[in-house]
Structure formats: C-alpha cells, structure tokens
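Okay, here's what each chain looks like letter by letter:
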Amino acid sequence: MTSHALRETKSESTVIQINNVGLTYQTDKQVVTALQNINLQIKEGSFVCVLGPSGCGKTTLLRILAGFHQATSGEVLLDNKPISPKPDRHRGVVFQQQMLYPWLNIEDNVGFGLKMRKVPPKERQEIVDHYLEMVGLSQFKKAKSYELSGGMKQRASIARVLANDPRIVLMDEPFGALDAMTKEQMQDNIRKIWKETHKTIFFITHDVEEALLLGTHIIVLSSRPGRIVKEIYSDLPYKIEEGKGRMYRSDPDFVKRREEIISIISS
Ligand SMILES: Nc1ncnc2c1ncn2[C@@H]1O[C@H](COP(=O)(O)OP(=O)(O)OP(=O)(O)O)[C@@H](O)[C@H]1O
C-alpha cells in the first residue's frame, strides 16, 4: 500500500473564514463558555472533519456556521461577507437523526427546498432525480421515510441538502447512530459524493478513524472551552478508491496518525 504523505491542501479560495470566534451560553443557572478564540479558514472543496472530547463545542461551532447560534465574539465570513444570522440554503445541515417529513415521499422530501423556491417542476424533477441517483435511491423515490433503513434515510437527507446547492454542507455526526457496516458504506458514499460534487463539507465526528478516512483538513478541539489544538492537512481521501477505505485502517502511517490524535484528545 502506498504511504500517504500529509501535505498542505492547495486550494485557491476560502469559503468560510472564522476570526476569533467565541460563544458563551448564558442560562438561568450558569454561564458556559463553549468556544474561545476560534480562528479557521475553510477552503473551497475541502472536507473538514472536527474532532474533540465530548462537550468541547463541536456542535456549537456547527450551529454558528448554520446560523442557529450567534457567536458572542468574533466574526464568521462566508465568501468574504458576514454570514447571515439566520439559516439559509447556502449552509445545508445534515443531522445525526434525519429530519425527513414523514408525510412526503422521498422525492418530495428531496425536492422540498426547490419547490419552496419555486423552481419550475421539470427542472426540479431533473435535480431531484440527479441527486437520488447519486445517493443510490432512485428506486425508492416513491417510498415514505418510514419504509427506509437508517442509512437510506441519511442518504435521502444528504440528497435533500445537495439539491439546494449549498456553498457548504454541515454534517453533525451524521453516521453516529448507524451500525458499523452501514457506517462504513456511508463513509464510502459521502467520500464519493464529495469527489463528484466538489462540495465543501464540514463534518463533526467522535470517530478518529472516520475523520482520517474522510478529512482533508482535520481539526482537533480542546476540552471546554473549545479551542483549536491541532490542524492536520491530508490527501488520503483523494487517494482512497471507491469501497477501499477499510484497507487503510491497518496502514502504519494511518495507525500512527490515529494514535497521535487520540493522545491529543485524551490529554
Ligand atoms: N443551549 C445551551 N445552553 C447552555 N449550555 C449549552 C447549550 N448547548 C450546549 N451547551 C454546553 O456547551 C458545551 C458545548 O456543547 P456542544 O454540544 O457544542 O459540545 P459537543 O462537542 O458537540 O459535545 P458532544 O460531542 O457531546 O456532542 C457543553 O458544555 C454543553 O453542555
């Protein structure tokens, strides 16, 4: 197996720029500083994976990018402009538990955002069919979400987000609730989709191996308050052939990198 040299990702443009971002939650009972001094550049087409101990602020950071939370300090720029304080289609979110509408079939779920934006029916159908094919659900387009497995529901959620053509896809532990085999298939699937669409993905995970198999830019946060303690650039995801992710888990470089990250997270 070829060893994978880690290198700086050479990408031209920055999609998201995070400058000195902090967030403090204030409840009746306590004040919790979840994030402190986060500085980050997310390059166009990169696959960013965020790791860190439980409660370190990973979801909080994603929610700021999505427009669900406002940073209490600093600024976030999308394409060099301050991000909208409200969620919009330019930042598509895939959650751990999929949020499909149970009363709509899969193609109507995938086409929902397009319909809201009044995309004409013919164009809408073409876009929906394209993304259903990409996630391998063409045969299930008339099914309701309760007729699909967990992995299929996640694929439908991914297709729905992609149909809106976002600038960035935000994924909060999207495979965390899946069994090991399905999770591995989904990792192969999302890597393939990322390569085909060239989308920028911001992906939160607890799983160090998952981050190494998917991430071109891996970010490790410290325990609360979350600060960036390590950034790693990798070209491994470009090299992994479809369905071959598993082979890399025992590669000496991979194991070394995994142990380094685990020791940072647990220190
Ligand atoms: N709405 C809220 N109000 C008050 N505190 C909150 C709120 N949401 C999160 N927190 C606190 O902020 C900190 C960061 O939470 P966050 O969910 O972002 O962490 P995380 O890294 O995603 O955690 P996990 O890996 O366990 O999902 C935690 O201590 C959490 O208890």
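With an unreviewed UniProt entry as reference, the chain is termed ABC transporter ATP-binding protein, source organism Neobacillus mesonae.

(A) Inspection of the pairing of strand β6 (residues 91-94) at higher detail. Burial of the side chains of β6 extends over both faces: R91 and V93 are buried on one face and G92 and V94 on the other. Sheet analysis places β6 next to strand β7 (residues 168-172), joined by 4 bridges and oriented parallel. Considered in β7, the bridge of G92 is made with V169.

(B) Spotlight on the pairing of strand β10 (residues 228-233). One ladder, built from 5 bridges, connects strand β9 (residues 217-221) with β10; its direction is antiparallel. Bridge pairing in β10 places V220 opposite K230. In this structure, the hairpin formed by β9 and β10 is closed by a connection of 6 residues.

(C) Local environment of the pattern of salt bridges. Tallied over the entire structure, the rule returns 19 salt bridges. With its nearest N and O atoms 2.8 Å apart, the salt bridge here joins K183 to D207. Pair noted here: K183 is in helix α6 (residues 180-197) and D207 is in the loop between β8 (200-204) and α7 (208-214), with a separation of 24 residues, a long-range link. For K183, a relative accessible area of 19% puts it in the buried group. Counted as one network, the salt bridges with shared partners bring together E184, E209, R246, R249, R258 and E259.

(D) Representation of empty space enclosed by the protein within the structure. Scanning the entire structure with this criterion turns up 1 cavity of 30 Å³ or more. Volume-wise, the largest cavity comes out at about 40 Å³. Contributions of two or more residues to the lining of the largest cavity are made by α5 (150-163), β7 and α6. If one sorts the elements of the lining of the largest cavity by residue count, α6 sits on top with 3 residues.

(E) Representation of the environment of H206. Topologically, H206 is positioned in the loop between β8 and α7. Between the C-alpha atom of H206 and that of V50, which follows or precedes it by 156 residues, the distance is 8.3 Å. If sequence neighbours within four positions are ignored, H206 has contacts with L51, G52, S54, K58 and E173. A polar side-chain atom of H206 sits 3.0 Å from a polar atom in the side chain of E173.

(F) Looking closely at the site of the ligand. The immediate surroundings of the ligand are formed by 15 residues, with S54, K58, T59, T60 and R224 found nearest. Within the side chain of S54, an N or O atom sits 2.6 Å from an oxygen atom of the ligand. One of the side-chain nitrogen or oxygen atoms of K58 is found 2.7 Å away from an oxygen atom of the ligand. Compared with its free state, where it exposes 630 Å², the ligand has 66% of that area covered by protein. Those elements that place two or more of their residues in the shell around the ligand are β2 (31-43) and α1 (58-66). Per-element tally for the shell around the ligand: the top contributor is α1, with 3 residues. Classifying every residue of the shell around the ligand by side-chain character gives 5 nonpolar, 7 polar and 3 charged.

Rules used in this analysis
Position labels on residues start from 1 in each chain and follow its written sequence. Two thresholds apply to this predicted model, a pLDDT of at least 70 for residue-level local features and 80 or more for giving and counting side-chain atom pairs, whereas whole-chain, interface and lining totals are computed over all residues. Each side-chain value is derived from all of the structure's non-hydrogen atoms; neither hydrogens nor water enter the calculation. Here the term buried applies to any residue with accessible area under 20% of the maximum for its type, exposed to any over 50%, and partly exposed to those in between, with areas from a 1.4 Å probe on protein chains only. Per the convention used, a helix needs a DSSP run of H or I reaching at least four residues, while a strand needs a run of E reaching at least two, with both numbered from the N terminus. At least two bridges found by DSSP between two strands is the condition for calling them paired. When a carboxyl oxygen of Asp or Glu is within 4 Å of a side-chain nitrogen of Lys or Arg, the pair counts as a salt bridge. Definitions used throughout: a 1 Å grid over protein atoms alone; a cavity as a set of points that fits a 1.4 Å probe which cannot get out; a pocket as an open set with protein on both sides within 12 Å along at least five of seven lines; a lining residue as one with an atom within 4 Å of a point. Grid points are joined across faces, edges and corners, and a volume is the space filled by probe spheres set on the points. The contact rule is simple, with two residues in contact once any of their heavy atoms fall within 4.5 Å. Pairs of N or O atoms are called polar contacts if they sit within 3.5 Å, as long as, within protein, a hydrogen donor faces a hydrogen acceptor (for residues adjacent in sequence, only side-chain-to-side-chain pairs). Being near a molecule or strand, for a residue, means having at least one of its heavy atoms within 4 Å of it. To be clear on the numbers: accessible area is Shrake-Rupley with a 1.4 Å probe, and residue cover counts the displayed protein chains and nothing else. Any residue outside Ala, Val, Leu, Ile, Met, Phe, Trp, Tyr, Cys, Pro, Asp, Glu, Lys and Arg is labelled polar, Gly included; the first ten of those are nonpolar and the last four are charged.

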